[in-house]
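# Architecture at a glance
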Amino acid sequence: MLRRSSRLSRRQDRISEIPDEVLTHILSFLTTRSAIGTSLLAKRFRGVWLNVESIVVMGEYVSDHISDHRLKRFIDHVMEKREEAAPGEFHPIKSFCFEVKYFARDMALGLSHLASWLTISIKKNLQNLRLHMKSISCYNVIYPMLPMAVSGCKGLVDLELVHFSLVGFSFDGIEFSLLQNLVLKLVLFDSKSFLAFLAKCKAVKKLKLIGIDLSFEKDKSFEKDSTEDFSIDPLPKLNSAVFSECSLHNFPFQLLALSESLHFSCEDFNPYKLIEDGSAMAFLQIPTFERLKSLNFKGTRDSVLQILSCSPNLQILIFTQDSFATEWNGEDDGNFVKPDNIPKCMSSITNCIVQSIITTRDMSLLNYLLGNAVNLRTLDIGIEKGKSKSISEKDLSDTWKASRICEVTFS
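An account of the accompanying structure is given in this report. (Residues numbered from 1 in each chain as written. Predicted model: local features only at pLDDT ≥ 70, side-chain atom pairs only at ≥ 80, totals over all residues. Heavy atoms only, no water.)

## What to know about helix H4 (residues 65-85)
Helix length check: H4 (21 residues) gives 30 Å between terminal C-alpha atoms against 30 Å at 1.5 Å per residue, within 8%. Within the sequence span of H4, burial applies to Ser-67, Asp-68, Leu-71, Phe-74, Ile-75, Val-78, Met-79 and Arg-82. Take H4 and look down its axis: the buried residues cluster within an arc of 130 degrees, on one side only. More than 90 degrees from the buried face of H4, the exposed residues found are His-65, Ile-66, Arg-70, Arg-73 and Glu-84. Its side-chain oxygen at 3.2 Å from the backbone nitrogen of Ile-66, Asp-64 defines the N-terminal cap of H4. (Helix = DSSP H or I, 4+ residues; strand = E, 2+ residues; numbered from the N terminus. Expected span 1.5 Å × (residues − 1). Buried < 20%, exposed > 50% of the residue type's maximum accessible area, 1.4 Å probe, protein only. Arc of directions from axis to C-beta. Polar contact = N/O pair within 3.5 Å; in protein donor to acceptor, adjacent residues only side chain to side chain.)

## Describing the pairing of strand S12 (residues 316-321)
Note: strand S11 (residues 294-299) against S12, 6 bridges, orientation parallel. Each bridged residue has a counterpart across the sheet, and for Phe-297 the counterpart in S12 is Phe-319. Running through helix H7 (residues 301-308), the crossover from S11 to the neighbouring parallel element S12 is right-handed. (Pairing = 2+ DSSP bridges. Right-handed = clockwise from strand over helix to strand, strands pointing away.)

## Observations regarding the side chain of Asn-372
Position of Asn-372 among the secondary structure elements: in helix H9 (residues 363-372). Judged by relative accessible area, which is 18%, Asn-372 ranks as buried. For Asn-372, the side chain forms a polar contact with the main-chain oxygen of Tyr-368, separated by 2.7 Å. Once you skip the residues sitting within four places of it in the chain, Asn-372 turns out to touch Ile-342, Met-346 and Ala-402. (Contact = heavy atoms within 4.5 Å.)

## Remarks on the nonpolar core
Within the largest apolar cluster, 102 residues are counted, with the highest numbers of intra-cluster contacts made by Phe-96, Phe-98, Leu-131, Phe-197, Leu-256 and Leu-295. Among the elements that line this core, the one with the most residues is H9, at 6 residues. Discounting chain neighbours no more than four positions away, the residues touching Phe-98 are Val-57, Leu-71, Ile-75, Leu-114, Trp-117, Arg-130, Leu-131, His-132 and Met-133. (Core = buried A, V, L, I, M, F, W, Y, C linked by side-chain atoms within 4.5 Å.)

## Notes on the pattern of salt bridges
As enumerated under the stated definition, the model contains 6 salt bridges in all. A salt bridge links Asp-20 to Arg-44, with the nearest nitrogen and oxygen atoms 2.7 Å apart. Of this pair, Asp-20 sits in helix H2 (residues 20-27) while Arg-44 is found in the loop between helix H3 (32-37) and strand S1 (54-62), placing the two residues 24 residues apart along the sequence. Residue classification places Asp-20 among the partly exposed positions, given a relative accessible area of 36%. (Salt bridge = Lys/Arg side-chain N within 4 Å of Asp/Glu carboxyl O.)

## Points about the side chain of Thr-350
Within the secondary structure layout, Thr-350 lies in the loop between helix H8 (323-328) and strand S13 (351-357). Among the polar contacts made by the side chain of Thr-350, one reaches the side chain of Asn-351 at a distance of 2.9 Å. If sequence neighbours within four positions are ignored, Thr-350 has contacts with Gln-315, Asn-375, Leu-376, Arg-377 and Thr-378.

## Section: unusual backbone geometry
Across the chain, the bulk of peptide bonds are trans and the bulk of non-glycine residues have phi less than zero. Even without being glycine, Asn-125 reaches a positive phi, approximately 70 degrees. Within the secondary structure layout, Asn-125 lies in the loop between helix H5 (107-123) and strand S3 (128-136). What makes Asn-125 partly exposed here is its relative accessible area of 35%. In this structure, Leu-186 is a non-glycine residue whose phi angle is positive, near 55 degrees. Within the secondary structure layout, Leu-186 lies in the loop between strand S5 (181-185) and helix H6 (191-198).

See below:
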């Protein structure tokens, strides 16, 4: 019995020896509700959560006024306790994460509460903000308007918005001059609100857009007379941009002209459209990507060649052939149209990955890369398994290689 008690005391001593800074750092990886729950584990943990510089509300579900009241009371209690723990002292809230599911009828209440919590957090040096209010409805999906309190978050470094609407949102007086990382998922825009929003984010280094309609085909805001108030100059500090499941017809690619890394995984990325006589014409205005070093692209062969022709200093190419888009746009017949001029990047590309190669008809692009990329070191070819007439190493054995050091592998 004495041995057991001595072991327990030693364990308690080890916990008591852990510095507050380490415990606080550990608790910062938990939700606020879980962090508070650690106070029941040992006396050493009591009150430590008050020093965590983040509020994380995730996995919550609001189905009626009662659950909404409980959530509001909980977060209000957290805010009050933080103030009581150190009266008169500055207790920063550097990170605020709010991910809650609402029934449509309770969404308005949640938005009013969220606005008040954001106002408090902004005064506490808020730097990282993630908001996700998903509506649960059997009939339709509601995109709540972004709370105006966000306009006061001038010290933000990281911003992630999920499932909001910014159509008609007023950006007057807003300036995200310190914002470096921006993630937008399932956010509704029109071209006017989109350009106005990015005009306030000139310091963005990493941009990620998921599931957003950026076609603006029926929106006249990109016409010359309608864009006088908005700058479509390149984002000056942009290092990388990721577009996943986005519609990009008529998107102002000039915004991305200074990026060093681009990732496009969009089904409708096609540089051509059919006109009345049945022929095709280019309609995407692609700028010259002078700084672009890495391109990860999913689409058709014609699309990737158009971007290659505008990327003179590209070094790494990852291309995934979209078989559905290829068939839809008529590339499946094996007719591969080579550019009139060899892209300048054929002298700078060193590593290339080509995925979802299905049949020998897809060899045209491989032959083009091998025959023109003079400094290519590696070419990894990903073949869809189980497909008939798949290519093999023998099919490329007679292909002339512009690079003597190129190593071709199959995966």
